[in-house]
Amino acid sequence: MNREVTLPLIVDDRGTLQVSAADVSKLLRTVGGRWLHLVEAGAELDEDTVAALTIELAKLADRIDVACIAHSSGAASG
C-alpha cells in the first residue's frame, strides 16, 4: 500500500510562512538518521523497516523543501 501525504503550507494573510521549512525538513532527516544509528548500535529494530521509514522521511523532507522554494519564488501552490 502506497499512500501519499499532503502537507499544506501554513501561511498568514500576507502569505508569510508560519513554519520554518528548514527546521521541519531537518527534524525529519534527523529522526531518520537517529533510527539508523540505533540499528547500527545493535538496537532491536527491524533494519529493513527502519531503512524504508528513513527513506520516506527524507522524501517528505524533500517535498517540503520543494513546496517552500516554490512558495518563496512566487509560484502558485496547490
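Coordinates for the structure precede this section.
First, a word on what this report is: a plain description of the structure on this page. (Residues numbered from 1 in each chain as written. Predicted model: local features only at pLDDT ≥ 70, side-chain atom pairs only at ≥ 80, totals over all residues. Heavy atoms only, no water.)

### A look at a negative patch on the surface
A surface patch of like charges, here negative, comprises E40, D46, E47 and D48. Position of D46 among the secondary structure elements: in the loop between helix 1 (21-40) and helix 2 (47-72). (Patch = residues over 30% accessible without salt bridge, like charges linked within 9 Å, V, L, I, M, F, W, Y side chains within 5 Å. Areas by Shrake-Rupley, 256 points an atom, 1.4 Å probe, with all protein chains shown as cover. Salt bridge = Lys/Arg side-chain N within 4 Å of Asp/Glu carboxyl O. Lys, Arg positive; Asp, Glu negative; His and termini not counted. Charge placed at Lys NZ, Arg CZ, Asp CG, Glu CD. Helix = DSSP H or I, 4+ residues; strand = E, 2+ residues; numbered from the N terminus.)

### Observations regarding the nonpolar core
The biggest cluster of nonpolar side chains holds seven residues, and these are A21, L28, L57, L60, A61, I64 and C68. Elements with a minimum of two residues in this core: helix 1 and helix 2. Of the residues forming this core, the biggest block, five residues, is contributed by helix 2. (Core = buried A, V, L, I, M, F, W, Y, C linked by side-chain atoms within 4.5 Å. Buried < 20%, exposed > 50% of the residue type's maximum accessible area, 1.4 Å probe, protein only.)

### Describing helix 2
Relative to the 38 Å expected for 26 residues at 1.5 Å per residue, helix 2 spans 37 Å between its end C-alpha atoms, a close match to the ideal helical length. Structurally, helix 2 contributes buried residues whose contacts are with helix 1. Just beyond helix 2, the residue with positive phi is G74, at close to 90 degrees. (Expected span 1.5 Å × (residues − 1). Contact = heavy atoms within 4.5 Å.)

### Considering the side chain of T54
You can see T54 is positioned in helix 2. A polar atom in the side chain of T54 sits 2.8 Å from the backbone oxygen of V50. Ignoring anything within four residues of it in the chain, the contact list for T54 reads G32, W35 and L36. (Polar contact = N/O pair within 3.5 Å; in protein donor to acceptor, adjacent residues only side chain to side chain.)

### Comments concerning the pattern of salt bridges
Overall, the coordinates contain three salt bridges when judged by the stated rule. Measuring nitrogen to oxygen at the nearest pair gives 3.3 Å for the salt bridge that ties D65 to R29. Taken together, the positions of D65 in helix 2 and R29 in helix 1 put the pair 36 residues apart, joining distant regions of the chain. Classification of R29 as partly exposed rests on a relative accessible area of 33%. Taking the shortest distance from any N to any O, the salt bridge between K59 and E56 comes out at 3.3 Å. Of this pair, K59 and E56 both sit in helix 2, three residues apart, roughly one helical turn.

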